[in-house]
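# Geometric and topological summary
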Amino acid sequence: MNFDASRMLAFDLETTSANPKQACIVTSALVRIDGRDVQKVEHLADPGIEIPQEATNVHGITTEKARAEGRPHEEVLKDTVEAIKAAWEDGLTLIVYNAAFDLTVLRSLTGDFTVTGPVYDPYVIDRVSDKWRKGKRTLGAVCEHYGVELGNAHEATADALAAASDEQKTALRILLDGLDIPGEQGLPRIEDAWSLDGLTTQVYGVPKVQIGKGADFRPDRKADPETAAALGASQREFFKLLFS
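All figures in this text were calculated on a predicted structure; none of them were measured in a lab.

### Looking at helix α4 (residues 99-110)
In this model α4 runs 16 Å from its N-terminal to its C-terminal C-alpha over twelve residues, within 8% of the 16 Å that 1.5 Å per residue would give. Here α4 has its buried residues at A99, F101, D102, L103, V105 and L106. G111 lies just past α4 and shows a positive phi near 85 degrees.

Below you can see the structure in the form of structure tokens.
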């Protein structure tokens, strides 16, 4: 299965409950990127039930706002599922943080939603790549760990790409096009690395290559703290670019 990083649908739900089998949709955000074409849609739904205060504390939407301004819940659900299915049919990859939650919500609400296309979940990638790190793995915690500021993520993405430095653009070229160098330093094109292990190696290999090391380099913090620190700085900058 090929993965084209310029063709994806970023997706996120805010809901009435932390239990995906009981949750109703409050907001559904979809950003479709197909080359130069970027379409951003955010649906506000009236879930038809009271929004608990603990849920409002997370996303800021009250029952009153949802009832006054939201569209019927079934319409938002239908539009969301259709947008995801259309993206998969067009060959796009679905990008979802903690995809198990959002996709289970859709399955529970529709009764027949199934995954029929590729899904990339940064939450899973982070857990696999840094399995021993202590602390929370929420989006906020992961962004804090990698030094990414959370604001309006859609605007931040556009600003980050528009203001990308030459070094950042080089990093993106390495990520997408690979680095055709014999030996361990080389990385494949990203469409040739389409697997959990392959994508993990690809994402974590770019900062290593940028400091002049091979993609399989393993830093020794005790023996060479200077190189380990340089790699840490390179990783933070690259993850800012990816997750901003």
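### Some thoughts on the sheet that holds strand β5 (residues 93-95)
One open sheet accounts for six strands, arranged β4-β3-β2-β1-β5-β6; its pairing is mixed. In the strand order of this sheet, the two ends are held by β4 (71-72) and β6 (119-120), each with one partner. In this sheet, β5 lies alongside strand β1 (residues 7-15) in parallel orientation, the contact comprising three bridges. Considered in β5, the bridge of L9 is made with L94.

### Section: the packing of aromatic side chains
All told, the structure shown has two aromatic pairs when counted by the stated rule. Measuring from ring centre to ring centre gives 5.7 Å for Y97 and Y123, while their planes differ by 70 degrees; the resulting arrangement is edge-to-face. Here Y97 is found in the loop between β5 and α4, whereas its partner Y123 is found in helix α5 (residues 122-129), with 26 residues between them in sequence. A relative accessible area of 21% places Y123 in the partly exposed class. The cationic tip of K213 hangs over the ring face of F217; the distance from NZ or CZ to the ring centre is 5.4 Å.

### Let's talk about the pattern of salt bridges
Scanning the entire structure with this criterion turns up eleven salt bridges. Across the pair R67 and E50 runs a salt bridge, and its minimum N-O distance is 3.1 Å. One end of the pair, R67, is in helix α2 (residues 63-69); the other, E50, is in the loop between β3 (37-46) and α1 (53-59), with 17 residues separating them in the sequence. Exposure remark for R67: the relative accessible area of 48% places this residue in the partly exposed category. A salt bridge links R137 to D126, with the shortest nitrogen-to-oxygen separation between them at 2.8 Å. Of this pair, R137 sits in the loop between α5 and α6 (139-145) while D126 is found in helix α5, placing the two residues eleven residues apart along the sequence. Under the relative-accessibility criterion, R137 is labelled buried at 10%.

### What about the nonpolar core?
Counting residues in each nonpolar core, the largest one holds 22 residues, and the members touching the most others are F11, I25, I84, L94, L103, L106 and F113. Ignoring any residue separated from it by four or fewer positions in sequence, one finds I84 in contact with L9, F11, L30, L94, L106 and F113.

### Some words on helix α3 (residues 73-89)
Taking 1.5 Å as the rise per residue, α3 with 17 residues should run 24 Å; its terminal C-alpha atoms sit 24 Å apart, in good agreement. Among all positions in α3, only H73, V76, L77, T80, V81, I84, A87 and W88 are buried. All buried residues of α3 project into a common sector of 125 degrees when viewed along the axis, lining one side. Opposite the buried face of α3, by more than 90 degrees, sit the exposed residues E74 and E89. One or two positions beyond α3, positive phi appears at G91, with a value near 85 degrees.

### Looking at the environment of P207
Of note, P207 is situated in helix α9 (residues 196-210). Relative accessible area serves as the criterion here: at 0%, P207 is assigned to the buried category. Sequence separation between P207 and Q235 is 28 residues; the distance between their C-alpha atoms is 5.3 Å. Leaving out residues up to four positions away in the same chain, P207 has contacts with L231, S234, Q235 and F238.

### Focus on the packing of α3 against α4
The relative placement of two packed helices is expressed as an angle between their axes plus a distance between the axes. In contact at an axis separation of 11 Å, α3 and α4 are set at 125 degrees when each is read in the N-to-C sense. Put simply, α3 runs oblique to α4. Remark: the crossing between α3 and α4 carries left-handed chirality. Every residue of α4 that contacts α3 at H73, L77, T80, V81 and I84 is listed here: L106, L109 and T110.

Each value, and the rule that gives it
- Residues numbered from 1 in each chain as written.
- Predicted model: local features only at pLDDT ≥ 70, side-chain atom pairs only at ≥ 80, totals over all residues.
- Heavy atoms only, no water.
- Helix = DSSP H or I, 4+ residues; strand = E, 2+ residues; numbered from the N terminus.
- Expected span 1.5 Å × (residues − 1).
- Buried < 20%, exposed > 50% of the residue type's maximum accessible area, 1.4 Å probe, protein only.
- Pairing = 2+ DSSP bridges.
- Phe/Tyr/Trp six-rings, centres within 6.5 Å; stacked < 30°, edge-to-face > 60°.
- Lys NZ or Arg CZ within 6 Å of the ring centre and 35° of its normal.
- Salt bridge = Lys/Arg side-chain N within 4 Å of Asp/Glu carboxyl O.
- Core = buried A, V, L, I, M, F, W, Y, C linked by side-chain atoms within 4.5 Å.
- Contact = heavy atoms within 4.5 Å.
- Arc of directions from axis to C-beta.
- Axes fitted to C-alpha atoms, helices over the stretch in contact; angles between N-to-C directions.
- Parallel < 35°, antiparallel > 145°, perpendicular 65-115°, else oblique.
- Left-handed = near helix turned anticlockwise from the far one by under 90°.

The values are spatial; any link to function lies outside them.
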